[in-house]
Each structure stands twice: as structure tokens, then as C-alpha cells.
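Structural description and commentary
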Amino acid sequence: MDNMDSIYRSYAQTVYKFLLAQCRDPDLAEELTQETFYQAVRSIGRFDGSCKVSTWLCQIAKHLWYQHLRKHRREAPLAEELPETPAPSAEEGLLAQEDRLDLLRLIHALPEPQRELVYLRAFGGLSFREIGDVLGRTEVWARVTFYRCKELLQKGGTNHE
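What this report covers is the structure whose coordinates are included nearby. (Residues numbered from 1 in each chain as written. Predicted model: local features only at pLDDT ≥ 70, side-chain atom pairs only at ≥ 80, totals over all residues. Heavy atoms only, no water.)

**Focus: the overall build of the protein**
Across its full length, the protein holds seven helices and zero strands. For the protein, the sequential pattern of α-helices and β-strands runs α-α-α-α-α-α-α. Counting only residues that meet the buried cut, the protein has 40% of its 161 residues in that class. Within the protein, counting contacts between residues at least 6 apart in sequence, those at least 24 apart form 58% of the total. Accessible surface, the protein: about 10,100 Å² in total, of which carbon and sulfur atoms supply 51%. (Helix = DSSP H or I, 4+ residues; strand = E, 2+ residues; numbered from the N terminus. Buried < 20%, exposed > 50% of the residue type's maximum accessible area, 1.4 Å probe, protein only. Contact = heavy atoms within 4.5 Å. Areas by Shrake-Rupley, 256 points an atom, 1.4 Å probe, with all protein chains shown as cover.)

Written out as C-alpha cells, the structure reads:
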């Protein structure tokens, strides 16, 4: 069990950030993080070492998040729940809100794993190294792919490369 304590100390923050990027609800992310480690303890015997521990934990977390969505039959919160910056006028505020919604629609239209990478970086605050670990890729892949996604989003389109 000391090994699981060490795993928890090493990866709890990564799992929490991953879940927070998915649900954008700190309380739910904390609850799902705890459930992730509970499930990991229950299934530690099935971990075969074919992937990194962080990848394995985030896969458990992702399955729990999807299970939560199915159970509650609701979609992830959209931009209305994101913190807003004060706008000088009502017109500018409305335009900014429309721009945010357009951006979220563009991000949502990205193919996997690019969409998840953008969510993890923009909303989850994960480093490129953490994103690489979570998605089972390299830090360089995460950096390059994020840069390409950012350029694509700035152009206002999606590309399914």
C-alpha cells in the first residue's frame, strides 16, 4: 500500500487537472479524482505496465467522467460557466461572448486527440509534459500539435489531418 500512497502523491494533481479540464467543476473533479484512485487500488493487479502510470490513471478518470455523463444525461458545461472578464460596454460584451462560443464550437469540432489536448492545455492548465503523459505521447508532440491547433483555430477552421 505504500506504493499506492506514493502513486497518489505523484499523480493526484495530474488526474485532478485532467478531470477539471473535462468537467470544469472543481468539486466534481475532486470527487472523480478520489474515485479514480479508489478504482486504481481495486484494479492494481490488472495494471500490466504497458503504459505509464499517469496514462493508466487518466484512462480510469476518463471512463469515470464518461460514466458520470451517461448517468446524469447532461453535457459538459459550456462557456457560460467560464469566468468572464468585464467588458466596457454591453455590445462589446455580447460580441466577446459570441466569440467565445464560436471558439468553443471550433475546439469541439477538432478531431481526437487534438480536441482533448486543447482542453487540457487551455482549460486544465496542464503542462505539455503532463499532456504528453496523459495522452501517451511525447512532450514535443503535445507542443507541436497544440501550436498547429492554435493556428488552425485562429484561421477559424478545422482540419482532420
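**Quick look at the packing of aromatic side chains**
On inspection of all chains with the given rule, the structure shows three aromatic pairs. Considering the side-chain rings of Phe47 and Trp56, the 4.8 Å spacing of their centres and the 40 degrees angle between planes classify their relative orientation as tilted. Take Trp56: its relative accessible area is 13%, and that puts it in the buried class. Lying over the aromatic face of Tyr119, Arg24 brings its terminal NZ or CZ to 5.7 Å of the ring centre. Against the face of Phe128 rests Arg121, its NZ or CZ located 4.0 Å from the ring centre. (Phe/Tyr/Trp six-rings, centres within 6.5 Å; stacked < 30°, edge-to-face > 60°. Lys NZ or Arg CZ within 6 Å of the ring centre and 35° of its normal.)

**Observations regarding unusual backbone geometry**
What you tend to see is this: most non-glycine residues have negative phi, and most peptide bonds are trans. Each neighbour pair has its own omega, and for Glu112 with Pro113 the value is 0 degrees, a cis peptide bond. On the secondary structure map, Pro113 appears in the loop between α4 (90-109) and α5 (114-122). Residues other than glycine seldom take positive phi values, yet Arg24 does so here, at roughly 55 degrees. Tracing the sequence through the fold places Arg24 in the loop between α1 (2-23) and α2 (26-43).

**Re the packing of α2 against helix α3 (residues 53-72)**
At a closest axis distance of 9 Å, the pairing of α2 and α3 adopts a crossing angle of 120 degrees. In terms of orientation, α2 lies oblique with respect to α3. With respect to the hand of their crossing, α2 and α3 are arranged in right-handed fashion. Here Leu28, Leu32, Glu35, Thr36, Phe37, Gln39, Ala40 and Ser43 of α2 lie close against α3, whose contacting residues are Trp56, Leu57, Ile60, Ala61, Leu64, Trp65 and His68. Considering only residue class, the contact of α2 with α3 consists of 10 nonpolar, four polar and one charged. (Axes fitted to C-alpha atoms, helices over the stretch in contact; angles between N-to-C directions. Parallel < 35°, antiparallel > 145°, perpendicular 65-115°, else oblique. Left-handed = near helix turned anticlockwise from the far one by under 90°. Nonpolar A, V, L, I, M, F, W, Y, C, P; charged D, E, K, R; others polar.)

**Details of helix α7 (residues 139-155)**
For α7, built from 17 residues, the straight-helix expectation of 24 Å at 1.5 Å per residue is met to within 8% by its first-to-last C-alpha distance of 25 Å. Within the span of α7, buried status applies to Trp141, Ala142, Thr145, Phe146, Cys149, Leu152 and Leu153. Buried positions in α7, seen along its axis, are confined to an arc of 130 degrees and lie on one side of it. Seen from the open side of α7, the exposed residues pointing more than 90 degrees away from its buried face are Val140, Arg148, Gln154 and Lys155. (Expected span 1.5 Å × (residues − 1). Arc of directions from axis to C-beta.)

**Quick word on the nonpolar core**
Among the nonpolar cores identified, the biggest contains 41 residues, and Leu19, Leu57, Leu117 and Leu120 are the most heavily contacted of them. Elements that contribute at least two residues to this core include exactly α1, α2, α3, α5, α6 (128-135) and α7. Of the residues forming this core, the biggest block, 10 residues, is contributed by α1. Non-local contacts of Leu19, meaning those with residues more than four positions away in its chain, are made with Arg24, Ala29, Leu32, Thr33, Thr36, Ala61 and Trp65. (Core = buried A, V, L, I, M, F, W, Y, C linked by side-chain atoms within 4.5 Å.)

**Some remarks on the environment of His68**
Inspection of the secondary structure puts His68 in helix α3. For the pair His68 and Leu28, spaced 40 residues apart in sequence, the C-alpha to C-alpha distance is 9.7 Å.

**Things to note about the environment of Phe18**
Checked against the element boundaries, Phe18 lands in helix α1. In sequence terms Phe18 and Phe123 are 105 residues apart; their C-alpha atoms lie 9.3 Å from each other. Setting aside residues up to four positions removed in sequence, Phe18 forms contacts with Cys58, Ala61, Lys62, Glu116, Leu120, Leu126 and Val134.

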